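The chain contents come next:
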Amino acid sequence: MTFKPEFLARVAERRAELQRTLGVLLPAPRAIVWEVGCGHGHFLVRYAAEHPGKFCVGVDIILDRLARSGKKRDRAQLANCHFVRAEAREFFNALPAGITFEEVWVLFPDPWPKARHNKNRLLKADFFNAIASRAGEGARFYFRTDHEEYFREVEATVATLPTWRRDPAAPWPLEQETVFQARAPSYHSLVAVRTSHPAPAVELAGPGQPPPAAPRSPA
Ligand SMILES: C[S@@+](CC[C@H](N)C(=O)[O-])C[C@H]1O[C@@H](n2cnc3c(N)ncnc32)[C@H](O)[C@@H]1O
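Here we summarise the structure given alongside this text. Just so it is clear, the structure is predicted and the values come from calculations on it, not from any experiment.

Scoring rules and cut-offs
- Residues numbered from 1 in each chain as written.
- Predicted model: local features only at pLDDT ≥ 70, side-chain atom pairs only at ≥ 80, totals over all residues.
- Helix = DSSP H or I, 4+ residues; strand = E, 2+ residues; numbered from the N terminus.
- Expected span 1.5 Å × (residues − 1).
- Buried ≥ 20, exposed ≤ 12 C-beta atoms within 10 Å, placed from the backbone.
- Arc of directions from axis to C-beta.
- Contact = placed C-beta atoms within 7 Å.
- Pairing = 2+ DSSP bridges.
- Axes fitted to C-alpha atoms, helices over the stretch in contact; angles between N-to-C directions.
- Right-handed = clockwise from strand over helix to strand, strands pointing away.
- Core = buried A, V, L, I, M, F, W, Y, C linked by C-beta atoms within 7 Å.
- Near = placed C-beta within 6 Å.
- Nonpolar A, V, L, I, M, F, W, Y, C, P; charged D, E, K, R; others polar.

1. Quick look at helix 3 (residues 63-76)
The first and last C-alpha atoms of helix 3 sit 20 Å apart over 14 residues, in line with the 20 Å expected at 1.5 Å per residue. Of the residues making up helix 3, those classed as buried are Leu66, Ser69 and Arg73. Burial along helix 3 is one-sided: seen end-on, the buried residues are contained in an arc of 60 degrees. Counted as exposed and oriented over 90 degrees from the buried face of helix 3: Asp64, Asp74 and Arg75. Close packing links the buried residues of helix 3 with helix 2 (42-50), strand 2 (56-60) and strand 3 (81-85). Of the residues one or two after helix 3, glutamine 77 is the one with positive phi, at around 55 degrees.

Here it is in structure tokens:
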């Protein structure tokens, strides 16, 4: 795939800005709780309130949803909950060295139901390998969806990966209805635990995105 120079320049500037933002938000090594596609922030604000010792960061690509999330956080006066406008893979690639994941939450991700759009799904093996590269043994991945087929795909993917082990007995730490959960007639949940298997450092490129320009610094 070839990209126009203007497009590449805009992407490079956006990525540089994100790196600056994350350098300020996450100046020192720490483990974070990351929610991908946080939507209106219902889950993360409550989770951060109930876990004041955890540092929570939610990302979404829709500005209006992030604004609502930020208002909820401000009303709750939480210093441990932050929202960043970013595409998930770009956020991952822009993380400063030393930032690791204690937990990764993905609640009702866009299912991309048409077969020709399947490649747009976020929860593929490369994503799991990437988060494994920044997650110590015992870190947790929480996934919930009302899309049966996406759920089965993720279930099958996790089963092939030495870096993650599904834990069917693991509790769901917080039941907090999100906007998309409220619309779902039923849903499935999956919890996976990071194993001790080593994970290589990974860069993520989304569909239709140019590859990251520079090699990632080690976590
Ligand atoms: C179906 S909604 C679910 C929102 C929320 N988790 C909920 O349960 O109500 C999916 C969310 O993921 C966001 N999103 C989709 N693709 C994304 C990506 N690549 N990076 C970050 N956010 C993304 C969308 O903007 C949307 O807010």
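So, next bit.
2. Some remarks on the sheet that holds strand 5 (residues 135-145)
Across the sheet, which stays open at both edges, the 7 strands sit in the order 3-2-1-4-5-7-6 with mixed pairing between neighbours. Edge positions in the sheet fall to strand 3 and strand 6 (164-166), since each of these pairs with one other strand and no more. Put simply, the sheet's adjacent strands are angled 25 degrees from each other on average, direction ignored. Of the pairings in the sheet, the one linking strand 1 (residues 30-36) to strand 4 (residues 99-107) comprises 7 bridges and is parallel in character. Among the inter-strand pairings, glutamate 35 is bridged to a residue of strand 4, identified as tryptophan 105. Here helix 5 (residues 125-133) sits on the sheet and contacts strand 4, strand 5, strand 6 and strand 7 (188-194); the angle it forms with strand 5, its principal contact strand, is near 140 degrees.

3. Considerations on the pairing of strand 3
Looking at chain direction, strand 2 and strand 3 are connected through 5 bridges and run parallel. Opposite cysteine 56, over in strand 3, you have cysteine 81 as the bridge partner. In this fold, the crossover linking strand 2 to strand 3 by way of helix 3 has right-handed handedness.

4. Re the nonpolar core
Among the nonpolar cores identified, the biggest contains 50 residues, and Leu44, Cys56, Phe91, Val104 and Ile131 are the most heavily contacted of them. No other element matches strand 4, which puts 6 residues into this core. Not counting the four nearest positions on each side in its chain, phenylalanine 91 is found in contact with Leu18, Val59, Val84 and Ala86.

5. Side note on the environment of serine 196
As for its placement among the helices and strands, serine 196 is situated in the segment after strand 7. Serine 196 sits in the exposed class, given 9 other C-beta atoms within 10 Å. Distance from serine 196 to glutamate 137, taken between C-alpha atoms, is 5.1 Å for residues 59 residues apart in sequence.

6. What to know about the site of the ligand
Near the ligand lie 20 residues; those nearest to it are Gly37, Gly39, Ala88, Thr178 and Phe180. Residue assignment for the shell around the ligand shows that the elements contributing at least two residues are strand 2 and helix 7 (179-183). In terms of residue count, the dominant contributor to the shell around the ligand is helix 7 (3 residues). Its residues placed into classes, the shell around the ligand shows 12 nonpolar, 4 polar and 4 charged.

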